[in-house]
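A look at the structure
For reference, the chains in residue letters:
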Amino acid sequence: MCGITGWVSWTQNLSEQSSVLENMTKAITHRGPDRMGTWLSEHAALGHRRLIVIDPEGGKQPMVYDDGSYTVTLSYNGEIYNFIELKEELIQRGHLFKSSSDTEVLLHAYLEWGEACVERLNGIFAFAIWDERKEQLMLGRDHLGVKPLYFANRGNDIIFGSELKAMFAHPEVDPVIDKDGLSEIFGLGPIRTPGQGVFKDVEEVRAGHYVTISKDERTVKRYWTLKSHPHPDDLDTTVSTIRSYLEDTVKKQLVADRPVVSMLSGGLDSSGLTAIAGNEFSKEGKTLHTYSIDFKNNEQDFEKDFLRVDLDEPWVEKVSDHVGTDHKSLVLDADELVENLLVPMRARDLPGVGEIETSLYLLFKEMEKEATVALSGESADEVFSGYPWFHQEEFLDAEVFPWLLNMRGMSAILSDSLKEKLDLSSYQKERYQEALNEVPVLTGESDLQAKQRRMSYMFISRFLPFMLDRKDRASMMTGFEVRVPFCDYRLVEYLWNVPIEMKNVDGIEKGVLRRAFEGYLPEDVRYRKKSAYPSTKDEKYLEGVQKWMLEILDDPTSPILPYIDTKKIRSIAEGKSEAIHGSSAKGLLDYLIQVNAWLKEYNIRVIL
């Protein structure tokens, strides 16, 4: 996995701008610690940081095709899982290859099919192609948005990068936030609007889209979308189809020239992927290594709640023993979580979800010591409709995104002056309506089925990008690649039209997936109730963020102070608030601490 960045200008000569390009590229060194590459021409400058996974020598980037009369140059981040099949087809069409890398296959796919090449790719990717023949830049992103890509238009120039920090290294891109940006931060939180770069005049290439930009024209095209139609298969066929897709995509995603491991929580999703991967490893006489996360004193501190029904570790051990993996559990204490709270914010260049992201980052940091690639069960709940929200009227009938019903307290803690300038309620409803207008409806469905389809679209198009963004930044901050088999677009397309009653067969969430894993997992593991990603219950963590927040409140130079009701926040930080306490207080303080550091460290200018 890698990081890409670059700069295109139709009015100035960029061939002498190597220092700017190098600064942009160095800003994302963590995404590709193995090698840096730059390429400059009169109108385009492309940078690349490489994390070597396949073909160490043949996959160097930026990669240039030069036939003597023109050049086409590619900077690419990701993995094309069907590159072997594509390569065979391209060879039959007369293409010659010099390497065994998927990078070269992508470049030749563009040469053969132009922008339509994205429709043939199965993988996770974000790329930039400068086509000298057309003097055109193409920015493309994978179907579900696993890999990130931002861009900004500055006069006659386009500046782009895998991460915002790469663009901020360019002298023309300043970290400025306007009214919409603050509404994203305080109104939507980390689950932001797709395409919204949060910063003023910064955009994100949306999942399933590509952008072409020439001197006189800019085109945004959606090349992939979910399509609604009646599900054609019976239950047994559906189960076997799901199983076939998962076996195929896991096998493809194990291809690497560096060690591959698997995340294992003991839940259905990661356990099933681990079992399939472990089976593939055993065929080659190898042992799969797996990793999980736990917290110091978790057994004595654990309390059953709506999201977490039991401890993960006993289930982790059971699955590891069953599959025969070499397992390691990382045990974190509260001090480590507090000390590293700001790392994920710096990784994503935006405030995130606090200790859950911090623990994920620390887990990847540990995994990177022994491997380069991991499999993760991310997105199964979104595409299999596994959340309780799919069955609760309060959430199905909400006029905002369902997860925002748990964020009602955010507007209450803002300062009066900010409330006057931001209408967060209207902003939330507008963004929700935008998403609602995109839903591919299916005529003939009952009212409940239509609501559940809308809910499914919200989770796939809005909530899932946040989850994938979190996973990408936390892993790539350590120079580590995470692959997500449940995001195979073929599987997502298929599941989109599987009725929720069939998804929940046997009276349990994701029942159809549980059936697909028959033979791979013990029965009790297959039918373990869903339990959310673990979170520390240690009071020391809450005490740590409370103390931190009080220090921010006591510092008159803290940049967040004009935007929050300091009296209410002080009451929460002192543990005196009746309205917000416990885990809610922890989450809120986590977020505000990050917002304060973000405003300060990035030297953000706010325009209202």
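Summarised in this report is the structure supplied together with it. Owing to the predicted nature of the structure, the values given are computational and were not obtained by experimental measurement.

A short note on the overall build of the chain
- Broken down by element type, the chain carries 25 helices and 19 strands.
- Whereas a compact globule of 608 residues would reach a radius of gyration of roughly 25 Å, the chain reaches 24 Å, a difference of no more than 12%.
- Projected onto its principal axes, the C-alpha positions of the chain cover 70 × 60 × 50 Å.
- Put simply, the chain has 608 residues, and 62% of those count as buried.
- Taking as baseline every contact in the chain between residues at least 6 positions apart, the subset at least 24 positions apart corresponds to 73%.
- For the chain, the accessible surface area stands at approximately 23,600 Å², while carbon and sulfur atoms represent 46% of it.
- The averaged location of the 100 negative side-chain charges in the chain is 1 Å from the averaged location of its 72 positive side-chain charges.

Describing the nonpolar core
- In terms of nonpolar packing, the biggest core is built from 106 residues, with F127, L144, I242, L246, F384, W403 and F486 touching the most fellow members.
- Top element by residues in this core is helix α18 (residues 447–476). It accounts for eleven residues.
- Setting aside residues up to four positions removed in sequence, L246 forms contacts with L273, I276, F486, L491, L513 and F517.
- Within the second largest apolar cluster, 78 residues are counted, among which are A152, I177, A371 and L414.

Observations concerning the sheet that holds strand β9 (residues 157–161)
- With antiparallel pairing, six strands are arranged side by side in an open sheet as β2-β3-β1-β9-β8-β11. Both edges of this open sheet fall to β2 (35–40) and β11 (202–204), since each of them pairs with a single strand only. Each neighbouring strand pair of the sheet contributes to a mean axis angle of 15°, computed without reference to strand direction.
- Relative to strand β3 (residues 44–50), β2 runs antiparallel, the two sharing six bridges. Pairing of G37 across the sheet is with H48, part of β3.

Quick word on the sheet that holds strand β7 (residues 136–141)
- Strand order across the open sheet formed by six strands is β4-β5-β6-β7-β12-β13, with antiparallel pairing between neighbours. Since the sheet does not close on itself, it has two edges, and those belong to β4 (63–66) and β13 (218–222), each with one partner. Geometrically, the sheet is characterised by an average inter-axis angle of 15° between neighbouring strands, direction not taken into account.
- Relative to strand β12 (residues 209–213), β7 is paired through four bridges, and the arrangement is antiparallel.

A short note on the packing of aromatic side chains
- By the definition in use, this model includes 25 aromatic pairs.
- Their ring planes at 75° and their centres at 4.8 Å tell us that F168 and F199 sit as a pair that is edge-to-face. With F168 in helix α4 (residues 164–168) and F199 in the loop between α5 (179–188) and β11, this pair connects stretches of sequence that are 31 residues apart.
- Taking relative accessible area as the criterion, F168 reaches 18% and is therefore assigned buried.
- Taken together, Y387, W389, F390, F395, F401, W403, Y432, F459, F463 and F466 form an aromatic cluster joined through their ring pairs.
- Over the ring of F281 we find K286, and its NZ or CZ is 4.8 Å from the ring centre.
- Here R453 stacks its cationic end above the ring of W496, 5.2 Å away from the centre of that ring.

Focus: the pairing of β12
- The element β12 is largely enclosed, with a buried count of five among its five residues.
- As paired strands, β12 and β13 are joined by five bridges and run antiparallel to one another. Each residue of the ladder has a partner; that of H209, found in β13, is R222.
- Taking the residues that link successive antiparallel strands as the turn, the β12-β13 hairpin has four residues.

With respect to the pattern of salt bridges
- In this structure the tally under the stated criterion is 54 salt bridges.
- As a salt-bridge pair, E438 and R462 come within 3.1 Å of each other at their nearest N and O atoms. Taken together, the residues E438 in helix α17 (residues 424–438) and R462 in helix α18 connect sequence positions 24 residues apart.
- Classification of E438 as partly exposed rests on a relative accessible area of 25%.
- Relative accessible area serves as the criterion here: at 5%, R462 is assigned to the buried category.

Points about helix α9 (residues 313–323)
- Every buried residue of α9 is listed here: E313, W315, V316, V319, S320 and V323. Buried positions in α9, seen along its axis, are confined to an arc of 155° and lie on one side of it.
- Phi turns positive one or two residues past the end of α9, at G324, with a value near 85°.

Conventions and cut-offs
- Residues numbered from 1 in each chain as written.
- Predicted model: local features only at pLDDT ≥ 70, side-chain atom pairs only at ≥ 80, totals over all residues.
- Heavy atoms only, no water.
- Helix = DSSP H or I, 4+ residues; strand = E, 2+ residues; numbered from the N terminus.
- Rg over C-alpha atoms; globule rule 2.2 N^0.38 Å.
- Buried < 20%, exposed > 50% of the residue type's maximum accessible area, 1.4 Å probe, protein only.
- Contact = heavy atoms within 4.5 Å.
- Areas by Shrake-Rupley, 256 points an atom, 1.4 Å probe, with all protein chains shown as cover.
- Lys, Arg positive; Asp, Glu negative; His and termini not counted.
- Charge placed at Lys NZ, Arg CZ, Asp CG, Glu CD.
- Core = buried A, V, L, I, M, F, W, Y, C linked by side-chain atoms within 4.5 Å.
- Pairing = 2+ DSSP bridges.
- Axes fitted to C-alpha atoms, helices over the stretch in contact; angles between N-to-C directions.
- Phe/Tyr/Trp six-rings, centres within 6.5 Å; stacked < 30°, edge-to-face > 60°.
- Lys NZ or Arg CZ within 6 Å of the ring centre and 35° of its normal.
- Salt bridge = Lys/Arg side-chain N within 4 Å of Asp/Glu carboxyl O.
- Arc of directions from axis to C-beta.

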